[in-house]
Amino acid sequence: MVAEVMAELAELEDPKTREVNEKHGDDHGVNLGKLRALAKRLKTQQELACQLWETDDTAARLLAILICRPKAFERDELDVMLREARKPKVHDWLVNYVVKKNPHSEELRLAWSADPDPVVASAGWALTTERVAKKPAGVDLAGLLDVIEAEMKDAPGRLQWAMNHCLAQIGIEHAEHRTRAIDIGERLEVLKDYPTSPGCTSPFAPIWISEIVRRQHDKTVA
């Protein structure tokens, strides 16, 4: 079955798609829409998902994430998988589609946030951003802002991006911390000059926070 799936993935390989993906650090050439269609056809298959993951092939790992059962993984399994997931898309999908739905997510959030590996730590911050937005009770928001203020400016790329997202989410969701979140963003100037396509919101935290809060306000009064 693994050989059949790998052969099908090979048939879906497109050089132009690979060229675009490689600019973002992802080494695969499979259109994600076609990958999702394949996953829909295969349906959930935990054993096959684990076997595909072991191939160390990026497209196969993305497919594995789509057909696995997120709650079936043990804590240590997910820890190993995350440390293996060095490609940005695999990392992001693993955190968002699997870890967030796993019963060990909070334990992993705490462990990963303090990890010396910045890529692993970025996963901890991504899970923290989820808590800030959906389950803020018990999260020390002021403490998070302290860490962001002290460490985000010099953090490596992916970790910096995750910390910046958390900063923006605190400012968007928690009015009592909004002024400080915007102030931190303005002083650190992280992603201030990030190129933003027309119609998209800048990832620069002060602009991001203000724009989303404005939209929420407009929706409320409409």
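About the cut-offs
Residues numbered from 1 in each chain as written. Predicted model: local features only at pLDDT ≥ 70, side-chain atom pairs only at ≥ 80, totals over all residues. Heavy atoms only, no water. Axes fitted to C-alpha atoms, helices over the stretch in contact; angles between N-to-C directions. Helix = DSSP H or I, 4+ residues; strand = E, 2+ residues; numbered from the N terminus. Left-handed = near helix turned anticlockwise from the far one by under 90°. Contact = heavy atoms within 4.5 Å. Nonpolar A, V, L, I, M, F, W, Y, C, P; charged D, E, K, R; others polar. Buried < 20%, exposed > 50% of the residue type's maximum accessible area, 1.4 Å probe, protein only. 1 Å grid on protein atoms, 1.4 Å probe; cavity = no way out; pocket = protein on both sides within 12 Å on 5 of 7 lines; lining within 4 Å. Points joined across faces, edges and corners; volume = space filled by probe spheres on them. Phe/Tyr/Trp six-rings, centres within 6.5 Å; stacked < 30°, edge-to-face > 60°. Lys NZ or Arg CZ within 6 Å of the ring centre and 35° of its normal. Core = buried A, V, L, I, M, F, W, Y, C linked by side-chain atoms within 4.5 Å.

### Some words on the packing of helix α1 (residues 2-12) against helix α5 (residues 58-67)
Then step 1. Direction vectors running N to C along α1 and α5 enclose 115°, while the axes themselves pass 10 Å from each other. The crossing of α1 and α5 is right-handed. Counting all contacts with α1, which are made through Val5, Met6 and Leu9, the residues of α5 involved are Ala59, Ala60 and Leu63.
Then step 2. Class assignment of the residues belonging to the contact of α1 with α5 gives a composition of six nonpolar, no polar and no charged.

### Looking at the environment of His165
Then step 1. Turning to its location among the elements, His165 is positioned in helix α11 (residues 157-173).
Then step 2. Note on His165: relative accessible area 30%, which makes it partly exposed.
Then step 3. Not counting residues up to four positions away in its chain, the partners in contact with His165 are Thr129 and Trp208.

### Some thoughts on the layout of surface pockets
The rolling of a water-molecule-sized probe over the atoms marks out the regions of remaining empty space.
Then step 1. There is about 680 Å³ of room inside the largest pocket.
Then step 2. Along the wall of the largest pocket there are 21 residues; nearest its centre are Pro88, Asp92, Arg158, Trp161 and Ala162.
Then step 3. Of all the secondary structure elements, the ones that give two or more residues to the lining of the largest pocket are α7 (88-98), α9 (118-134) and α11.
Then step 4. Across the lining of the largest pocket, the residue classes break down as eight nonpolar, seven polar and six charged.
Then step 5. Reported here for the second largest pocket is a volume of approximately 240 Å³.
Then step 6. Lining the second largest pocket we find Lys100, Ser105, Glu106, Arg109, Leu127, Glu130, Arg131, Lys134 and Lys135.
Then step 7. For the lining of the second largest pocket, the elements supplying multiple residues, two or more each, are α8 (105-113) and α9.

### Regarding the packing of aromatic side chains
Then step 1. Enumeration over the complete set of coordinates arrives at two aromatic pairs.
Then step 2. Considering the side-chain rings of Trp93 and Tyr97, the 5.2 Å spacing of their centres and the 40° angle between planes classify their relative orientation as tilted. Taken together, the residues Trp93 and Tyr97, both in helix α7 and four residues apart, mark about one turn of the helix.
Then step 3. Across from the ring centre of Trp53, 4.3 Å away, lies the NZ or CZ of Arg61, which sits over that ring.

### Let's talk about the nonpolar core
Then step 1. With 35 residues, the main nonpolar core has Leu9, Leu52, Trp53, Leu63, Ile67, Leu94 and Trp112 as its most contacted residues.
Then step 2. Elements with a minimum of two residues in this core: α1, α3 (32-42), α4 (46-53), α5, α6 (75-84), α7, α8 and α9.
Then step 3. Examining the composition of this core, we find that seven residues originate from one element, α5, more than from any other.
Then step 4. For Leu94, the residues in contact, after removing those within four places along its chain, are Trp53, Ile65, Met81, Leu82, Ala85 and Val99.
Then step 5. Grouped together as the second largest cluster of nonpolar side chains are 27 residues, Ala121, Leu191, Trp208 and Ile209 included.

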